[in-house]
Amino acid sequence: MPKYVYAFAEGNKDLKDLLGGKGANLAEMAGMGLPVPPGFIVSTEACRVYLNTGAVPAELSSQVDVHLAALEKEMGKPLGAPEDPLLVAVRSGSKFSMPGMMETVLDVGLNDSSVIGLAKTSNDERFAWDSYRRLIQMFGKTVLGIDGEHFDKVLEAAKAARGSKSDLDLSTADLQQIVASYKGVVREQVGREFPQDPREQLDLAINAVFHSWNSPRARLYRRREHIPDDLGTAVNVMAMVFGNMGSDSGSGVAFTRNPATGERGVYGDYLQNAQGEDVVAGIRNTMPLAQLETLDAAAYRRLLEIMETLEQRYSDMCDIEFTIERGRLWMLQTRVGKRTAAAAFVVACQLVDEGLIDMDEALRRVAGDQLVQLMFPRFDAGAAAKVLCTGMNASPGAATGAAVFDSVTAVERAAKGEKVILVRRETNPEDLKGMIAAQGILTSHGGRTSHAAVVARGMGTTCVCGAEALHVDVPNKTATAPDGTVVNEGDMISIDGDTGEVFLGEVPVVPSSVVEYFEGTADPEAADAGDLLRAVHRIMSHADVKRRLLVRANADTGEDAARARRFGAQGIGLCRTEHMFLGDRRATVERLVVATTDEERQSALAELLPLQRGDFIEIFTEMAGQAVTIRLLDPPLHEFLPNLTDLTVKVALSREHGKPVEKDEMLLAAVRRLHEENPMLGLRGVRLGIAIKGLFGMQVRAIAQAAAEVRKRGLDVHPQIMIPLVGSVRELRLVAEETSGVLAEEAAREGVELGATIGTMIELPRAALTAGHIAEDAQFFSFGTNDLTQTTWGFSRDDVEGAFFSQYMEHGIFEASPFQTIDRHGVGQLVKIAAKAGREVRPDLELGVCGEHGGDPASVHFFHEAGLDYVSCSPFRVPVARLEAGRAAVEVASGSGTA
């Protein structure tokens, strides 16, 4: 019989696939002898059966019976017993942390009888009724699907009648009336009484957790975090421990290090007389964890001991949830803590220095996306800006946008291209869409471990929490600062996630210190460099040592080339010559296009030659000693000409007003002649070189003359001439023969060895499938993955991304846009086929990639696995590619890479 339920004693932290992250870590802590409430785990396998069939496995009920009986025996009381009830918490727990995205039900087992028993055994009638109202509210929302506003209205009315803003001021009688009203809400909304059978409550709660795996917010979160949809969640059933039993009780969240900065120290939030959900929800502002020492020194000292023990066991920063019940400490959860990008780098290096991990592991624990976050600008500290208030610096960064007060508005305005800041009293899981759409998140309630803070840190979104001085009025869409300044919806505000400051208006930004480090203007060894710069420098240096892939840059000017080199580029993998035909040179290109005789065409080419030569001299000089791959003209010539409709209108108006039209008519005739229904599959790339005599020859001559000039200056030059859009070896051969002739002619004339190589872009499926033939005439391949993706999928990128990609993501057709991350199974297979076939013919064939995928972290790993020699990306992404190339090397070496 399949086994679906496991005791804590049967698990450990390495069984996350089966027991989920929360269950595996609870089992680990129980095995370590830490104070964990007894319980059991319903496995992810049971959830997958539920997801596939719509029903829990037939064997599940009997297995739950067995483990529930064992729990009842250990606790010495039955579930929901009238005299002395066992109550349980039912919590979700997938392999990967999904904070707040799935359901939790606390106090399961309470009913009209057991609440009386709980009041007697706890000697606290108010506590018992408070727990019962919490169960009905949570069960009603998560299990019965009742809109939480129905319960919120009842609670708010009760507090208003009491003249209080806190539920702590409600009396036992108030709570009894709330319970009666809540039961009425259940009756009205779902047409049944609140279930009184404790076992029915448990079964329904387990089903609700399974069902929540596919809730809209859970699916949205998984898409953003690239978590597979087929994993399912485990369900953790634990004996309840109560943080709401008075002033000697409470709940909190602790981190073994500061998750925002990585700083060592006591970090977390504590809330007296509260259950854990109150801390995470942010409905009451918490106190700093260090204050617990003054409330309960013994529990505080024991907590610090456990935090140290867990960090040593996991060799990482840990996130811990705990409850104190009448002075007794209980551990409810631990996991490797989510952290900001800055903390990721700093903590990784700290752990190396402490001997817990080595530098290879430190490299594995950071990511290119985190490095990108560190390269974003920060607010200019010297700017004159009005500070509205200051909250808690929950997630770093500098964010500016229009204030919006609900998730729907955030999504709508962001979809129109507007930058927004989501302002809330506190966030909840239903706000996820708006949190994703926003540049930053600002709340007036909640601490650094609230829902808003945890989710924002996980997403790398700037967040300021607990700005208590700011009065947020969501219904009226305003926020009022202490000095009376009112922020209305649409007003620009800025939030600083590093300082917690909230500013009115847009604050100027300056480059980040990490960018200054890459630019060479910030010294990581300086006394005032700070932990972050030192950590970035150490990890980047290790990545450079470990990586096999070279990292080159896409650069079209000397300025771009210089910046790329400062950022660590080892050459240029793509120099697009079409960018050199814009601006003041467009008129000459127009003459080339409208030319009707060889003489006119050669005149235009002769005028372009020295201009191109000057461009190449500048680039070769900046990249001396490194390879420079120059792509001959690729786009259709009509891109350099006026729009057909605009030019037609201009000619018509000129005729009407009697103005000269001869030149424009010639141009219009050329535009009409070159007009294509699908120009990206028309006369472009190698086809231009064949169709327009002398075009590619002029470019090659300019390259050769520039290389000769720079060599004469004593600089080393490595030009690589790349012929684009080749689909047939015969196409390549025709152009390569012309190219070789021009190179030989210029080398002889200049009396220097140019050392140029000739290769091609592989950007058509046919080129990939016939790569063995093409390699006979190509000394290198550069995979143009942008066009290869378009032609493999049959997509026109400019049309499809806005048309239906969001639906493809929603339906799981894409995990990520294939233009952002390489499609391993389609485009990636063509890359592998071409690489293998090309090297079988020419073993020393150089292989690289020059599409946008060259700077995408996941794609860099694929190119490492596929055996390419280099990736090329924009200058700004060069550090990211360097880091990921190093990570790919150590992951493959350790056996954790994906083939």
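Above this text you will find the structure in question.
Quick caveat: nothing in here was measured; it's all calculated off a predicted structure.

**Student:** An account of the overall build of the protein is requested, with residue identities and associated values reported.
**Tutor:** Looking only at helices and strands, the protein has 36 helices and 31 strands in total. In terms of overall dimensions, the protein is globule-like: its C-alpha atoms have a radius of gyration of 33 Å, near the 29 Å expected for 899 residues. Viewed in the frame of its principal axes, the protein has a C-alpha envelope of about 105 × 65 × 60 Å. Per-residue burial over the protein gives 57% buried out of 899 residues. Pairs at least 24 apart in sequence give 69% of the contacts found in the protein among residues at least 6 apart.

**Student:** Break down the packing of helix α24 (residues 644-656) against helix α25 (residues 662-674) for me, citing the residues and quoting the values.
**Tutor:** Interaxial distance between α24 and α25 falls to 10 Å at its minimum, and their mutual angle equals 150°. Between α24 and α25, the angle falls in the class roughly antiparallel. Where α24 crosses over α25, the two elements pack in a sense that is left-handed. On α25, the residues touching Leu644, Leu647, Thr648, Lys650, Val651 and Arg655 of α24 are Asp664, Glu665, Leu667, Leu668, Val671 and Arg672. Tallied by class, the residues present in the contact of α24 with α25 amount to 6 nonpolar, 1 polar and 5 charged.

**Student:** Residue-level account of the nonpolar core, with values.
**Tutor:** Membership of the largest hydrophobic core comes to 140 residues, with the highest contact counts inside it found for Leu371 and Phe620. Here the element with the most residues in this core is helix α27 (residues 695-712); it accounts for 11 residues. In this structure leucine 371 touches Phe345, Val514, Phe518, Val536, Met540, Pro879, Val880 and Leu883, once residues within four positions along its chain are discounted.

**Student:** I'd love a proper account of the sheet that holds strand β10 (residues 328-336), names of residues and values included.
**Tutor:** Strand order in this open sheet of 5 strands is β8-β7-β6-β9-β10, and the pairing throughout is antiparallel. Looking at strand neighbours, the two that pair on one side only are β8 (287-288) and β10, the edges of this open sheet. Examined bridge by bridge, strand β9 (residues 318-325) and β10 share 8 bridges and lie antiparallel to one another. By the bridge assignment, glutamate 321 is partnered in β10 with glutamine 333. Each of β6 (250-257), β7 (264-272), β9 and β10 is contacted by helix α12 (residues 297-314), which is oriented at about 25° to β10, the strand it contacts most.

**Student:** Talk me through the packing of aromatic side chains; I want residue IDs and the actual numbers.
**Tutor:** For the coordinates displayed, the defined rule picks out 23 aromatic pairs. Taking the centre distance of 6.0 Å and the plane angle of 5° together, the rings of tyrosine 270 and phenylalanine 322 count as stacked. Taken together, the positions of tyrosine 270 in strand β7 and phenylalanine 322 in strand β9 put the pair 52 residues apart, joining distant regions of the chain. Each member of the pair, tyrosine 270 together with phenylalanine 322, is buried. Pairing phenylalanine 616 with phenylalanine 620 gives two aromatic rings, centres 6.5 Å apart and planes at 35°, and the pair type is tilted. Of this pair, phenylalanine 616 and phenylalanine 620 both sit in helix α23 (residues 598-622), 4 residues apart, which is roughly one turn of that helix. Each member of the pair, phenylalanine 616 as well as phenylalanine 620, is classed as buried. An aromatic cluster of at least three residues, connected via ring pairs, comprises Trp793, Phe795, Phe804, Phe805, Tyr808, Phe814 and Phe819. Just above the ring of tyrosine 6 sits the side chain of lysine 3; from NZ or CZ to the centre is 4.7 Å.

**Student:** So what's going on with the pairing of strand β16 (residues 440-443)? Which residues, and what values?
**Tutor:** Burial of β16 is two-sided: the residues Gly440 and Leu442 facing one way and the residues Ile441 and Thr443 facing the other way are all buried. As a crossover connection, the stretch from strand β15 (residues 420-424) through helix α17 (residues 432-437) into β16 is right-handed. As judged from the 3 bridges shared by β16 and strand β17 (residues 462-465), these two strands associate in the parallel manner. When the bridges of β17 are listed, glycine 440 appears paired with threonine 462.

**Student:** An account of the pairing of strand β29 (residues 780-783) is needed here, citing residue identities and associated values.
**Tutor:** Where burial is concerned, the two faces of β29 agree: the one with Phe780 and Ser782 and the one with Phe781 and Phe783 are both buried. Across 3 bridges, strand β28 (residues 757-762) lies against β29 in parallel orientation. If you follow isoleucine 762 over to β29, its bridge partner there is phenylalanine 783.

**Student:** Quick one: what's the story with the pattern of salt bridges, residue by residue and with numbers?
**Tutor:** Applying the stated criterion to the full structure yields 61 salt bridges. Here aspartate 130 makes a salt bridge to arginine 133, at a shortest N to O gap of 2.9 Å. Residue aspartate 130 and its partner arginine 133 are located together in helix α5 (residues 125-142), separated by 3 residues, close to a single helical turn. Side by side, aspartate 130 and arginine 133 carry an identical accessibility label, which is buried. The salt bridge involving aspartate 203 is made with arginine 199; its shortest N-O contact spans 3.0 Å. Here aspartate 203 pairs with arginine 199, and both are found in helix α8 (residues 198-212), just 4 residues apart, close to one helical turn. A cluster of three or more residues bridged by salt bridges with shared partners is formed by Arg701, Lys712, Glu745, Glu746, Arg749 and Glu750.

**Student:** Tell me about a negative patch on the surface, and please be specific about residues and values.
**Tutor:** A cluster of like negative charges, contributed by Glu559, Asp560, Glu618 and Glu622, occupies part of the molecular surface. Elements with a contribution of two residues or more to the negative patch: α21 (558-566) and α23. In this structure, glutamate 559 sits in helix α21. Given the relative accessible area of 65%, glutamate 559 is considered exposed.

**Student:** Give a description of the side chain of arginine 199 that names residues and reports values.
**Tutor:** You can call arginine 199 buried: its relative accessible area is 18%. When neighbours within four sequence positions are excluded, arginine 199 is seen to be in contact with Ser61, Val64, Asp65, Leu68 and Leu79.

**Student:** Explain α24 residue by residue, including any values.
**Tutor:** In a regular helix each residue adds 1.5 Å, so 13 residues correspond to 18 Å; α24 covers 18 Å between its end C-alpha atoms and thus fits that length. Within the span of α24, buried status applies to Leu647, Val651 and Ser654. Taken down its axis, α24 places every buried residue within 65° of arc, on the same side. Turned more than 90 degrees off the buried face of α24, the exposed positions are Thr645, Asp646 and Glu656. For α24, the elements touching its buried residues are α25. Two residues or fewer after α24 comes glycine 658, characterised by a positive phi angle close to 70°.

**Student:** Quick one: what's the story with unusual backbone geometry, residue by residue and with numbers?
**Tutor:** The phi dihedral of aspartate 107 is positive, around 65°, even though this residue is not glycine. Among the structural elements, aspartate 107 can be located in strand β4 (residues 104-108). Looking at aspartate 107, the relative accessible area reads 1%, which means it is buried.

**Student:** Quick one: what's the story with α12, residue by residue and with numbers?
**Tutor:** Because the α-helix completes a turn every 3.6 residues, residues three or four places apart line up on one side. Between its first and last C-alpha, α12 extends 26 Å over 18 residues, near the 26 Å set by a 1.5 Å rise per residue. Buried within α12 are the following residues: Ala299, Tyr300, Leu303, Ile306, Met307, Leu310, Glu311 and Tyr314. The buried residues of α12 occupy an angular sector of 135° when the element is viewed end-on, so they sit on one face. Next to the buried residues of α12 lie α1 (16-31), β6, β7, α11 (292-295), β9 and β10. Looking one or two residues past α12, serine 315 carries a phi angle of roughly 50°, positive in sign.

**Student:** Could you give me a rundown of the sheet that holds strand β1 (residues 5-7), with the residues and numbers involved?
**Tutor:** With antiparallel pairing, 5 strands are arranged side by side in an open sheet as β1-β2-β5-β3-β4. Strand pairing shows two members of the sheet lacking a second neighbour, β1 and β4, which therefore form its edges. Direction aside, neighbouring strands of the sheet carry axes that sit 20° apart on average. Two elements, strand β2 (residues 39-42) and strand β5 (residues 233-239), share 4 bridges in a ladder whose sense is antiparallel. Across the sheet, isoleucine 41 pairs through a bridge with asparagine 236, a residue of β5.

Calculation notes
Residues numbered from 1 in each chain as written. Predicted model: local features only at pLDDT ≥ 70, side-chain atom pairs only at ≥ 80, totals over all residues. Heavy atoms only, no water. Helix = DSSP H or I, 4+ residues; strand = E, 2+ residues; numbered from the N terminus. Rg over C-alpha atoms; globule rule 2.2 N^0.38 Å. Buried < 20%, exposed > 50% of the residue type's maximum accessible area, 1.4 Å probe, protein only. Contact = heavy atoms within 4.5 Å. Axes fitted to C-alpha atoms, helices over the stretch in contact; angles between N-to-C directions. Parallel < 35°, antiparallel > 145°, perpendicular 65-115°, else oblique. Left-handed = near helix turned anticlockwise from the far one by under 90°. Nonpolar A, V, L, I, M, F, W, Y, C, P; charged D, E, K, R; others polar. Core = buried A, V, L, I, M, F, W, Y, C linked by side-chain atoms within 4.5 Å. Pairing = 2+ DSSP bridges. Phe/Tyr/Trp six-rings, centres within 6.5 Å; stacked < 30°, edge-to-face > 60°. Lys NZ or Arg CZ within 6 Å of the ring centre and 35° of its normal. Right-handed = clockwise from strand over helix to strand, strands pointing away. Salt bridge = Lys/Arg side-chain N within 4 Å of Asp/Glu carboxyl O. Patch = residues over 30% accessible without salt bridge, like charges linked within 9 Å, V, L, I, M, F, W, Y side chains within 5 Å. Areas by Shrake-Rupley, 256 points an atom, 1.4 Å probe, with all protein chains shown as cover. Lys, Arg positive; Asp, Glu negative; His and termini not counted. Charge placed at Lys NZ, Arg CZ, Asp CG, Glu CD. Expected span 1.5 Å × (residues − 1). Arc of directions from axis to C-beta.

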